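Examining the three-dimensional arrangement
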Amino acid sequence: MARRILSANDLLMPSPQASLKDSVRTETREAALVEINRRWAAPSSGPDGLLDWHDQGALMQEIAFVNKAQALLDEAAVKIAPSVLRIVLTVKANVAEPPAQRAFLAEHLELDFRRISELCIVAESYGLIDPRRREQGLAEIERYGWSKALKLAHVPDPADREQVWAVACGEGPQASYRAVLEAIGRFRERKQLFAPVQAGPLEARLQTARERFTAFSASAQHLSTREDYAEALGELAQVQRELTRLKRSLRERMELAQWEDLAAAT
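Reading guide: rules and limits
Residues numbered from 1 in each chain as written. Predicted model: local features only at pLDDT ≥ 70, side-chain atom pairs only at ≥ 80, totals over all residues. Heavy atoms only, no water. Helix = DSSP H or I, 4+ residues; strand = E, 2+ residues; numbered from the N terminus. Buried < 20%, exposed > 50% of the residue type's maximum accessible area, 1.4 Å probe, protein only. Contact = heavy atoms within 4.5 Å. Salt bridge = Lys/Arg side-chain N within 4 Å of Asp/Glu carboxyl O. Core = buried A, V, L, I, M, F, W, Y, C linked by side-chain atoms within 4.5 Å. Axes fitted to C-alpha atoms, helices over the stretch in contact; angles between N-to-C directions. Parallel < 35°, antiparallel > 145°, perpendicular 65-115°, else oblique. Left-handed = near helix turned anticlockwise from the far one by under 90°. Nonpolar A, V, L, I, M, F, W, Y, C, P; charged D, E, K, R; others polar. Phe/Tyr/Trp six-rings, centres within 6.5 Å; stacked < 30°, edge-to-face > 60°. Lys NZ or Arg CZ within 6 Å of the ring centre and 35° of its normal.

To continue, consider the overall build of the chain. Helix and strand counts for the chain stand at eleven helices and zero strands. Along the chain direction, N to C, the helices and strands of the chain fall in the order α-α-α-α-α-α-α-α-α-α-α. With 266 residues in all, the chain has 32% of them scored as buried. Pairs at least 24 residues apart make up 67% of the contacts formed inside the chain by residues separated by at least 6 positions.

Two side chains that carry opposite charge are able to pair once their charged atoms sit near each other. Scanning the entire structure with this criterion turns up nine salt bridges. With a shortest N-O distance of 2.7 Å, Glu162 and Arg143 are connected by a salt bridge. Linking Glu162 in helix α8 (residues 158–169) with Arg143 in helix α6 (residues 134–144), this pair joins segments that are 19 residues apart in sequence.

Moving on, we come to the nonpolar core. One finds Val122, Tyr126, Leu128, Ile141 and Leu152 to be the most contacted residues of the largest nonpolar core, which totals 38 residues. If you list the elements that add at least two residues to this core, you get α3 (57–94), α5 (113–125), α6, α7 (146–152), α8 and α9 (177–194). Sort the elements by how many residues they give to this core and α3 lands first, with eight residues.

A packed helix pair is summarised by two numbers, namely the angle formed by the two axes and the spacing between the axes. One can describe the packing of α6 onto α8 by two numbers: an axis separation of 13 Å at closest approach and a directional angle of 15 degrees. As far as their axial angle goes, α8 and α6 are roughly parallel. At the point where α6 passes α8, the crossing takes the left-handed sense. Side by side, α6 and α8 meet where Gln136, Glu140, Arg143 and Tyr144 of the first sit next to Pro158, Arg161, Glu162 and Trp165 of the second. Split into classes, the residues belonging to the contact of α6 with α8 amount to three nonpolar, one polar and four charged.

Taken as a whole, this structure holds two aromatic pairs when the rule is applied. Pairing Tyr144 with Trp165 gives two aromatic rings, centres 4.8 Å apart and planes at 50 degrees, and the pair type is tilted. Of the two residues, Tyr144 sits in helix α6 while Trp165 sits in helix α8, which places them 21 residues apart along the sequence. A single burial state applies to Tyr144 and to Trp165, both of which are buried. Both rings, one in Phe213 and one in Phe216, keep their centres 6.0 Å apart while their planes meet at 50 degrees; by these two values the pair is tilted. Residue Phe213 and its partner Phe216 are both found in helix α10 (residues 201–220); the two are separated by three residues, about one turn of the helix. The cationic tip of Arg161 hangs over the ring face of Tyr126; the distance from NZ or CZ to the ring centre is 4.2 Å.

Secondary-structure assignment places Thr214 in helix α10. For Thr214, a relative accessible area of 52% translates into the label exposed. In the structure, Thr214 is positioned 21 residues away from Glu235 in sequence and 9.4 Å away in space, judged by C-alpha atoms.

Bringing the packing of α3 against α5 into the picture now. Between α3 and α5, the shortest axis-to-axis distance is 8 Å and the interhelical angle comes to 95 degrees. Classified by the interaxial angle, the pair formed by α3 and α5 is roughly perpendicular. In contact with Ala77, Ile80, Ala81, Pro82, Val84, Leu85 and Val88 of α3, α5 contributes Arg115, Ile116, Leu119, Cys120, Ala123 and Glu124. Taken together, the residues that form the contact of α3 with α5 break down as eleven nonpolar, no polar and two charged.

Structure below.
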């Protein structure tokens, strides 16, 4: 899950809105909404609802309409992403168990978990919740486009994102969605190739649990006196404590994988 990037007080403070010069202008948004309603109310162009393939003027107009409407939806997604991240972090800070957190979100937030994960990852990676970073983050998203920005959000460092974007663009000013995916894949391969191998908290927990269970097994081999049973019970208590810690680590890993994998599936 997204890590904290501000204090609890800062997270709950309303953030200043981006200026109109950095977004689609109000009149453009209103015109797009009018056009959406007009096309919704208009009858289909033919009995089968298809557009003329040989004279593609109407087809290009329909494509331009969809692209404009999508730009409006993308802007809305960017602007609500900080709110979604604030909601999720607040729930996590006040509800202990992940199932209860998900239940609260499912009951009150009218978004599926894949959409929640997308918006949280974007808001965190581009710093949209941080007033000091959000202008730069918004500019990045507008530069890449929403779908490509969503994938690039999995590269958390802005300098690394710039490098990946440059590789994806090649000699051109823009990159295709496929080129971005390939550049991210090559970037991850390089990071994995040169990164030192380190045992994380989960691996350490596993090793400690193995050691505790080995000690319990040894003590359980010789049970005859009251002291033998007491020693075995003590070792078993140690095993249970380590298993509880291991369970907590596994849940944390599972939750992190949930947010990342759901967003990566888009």
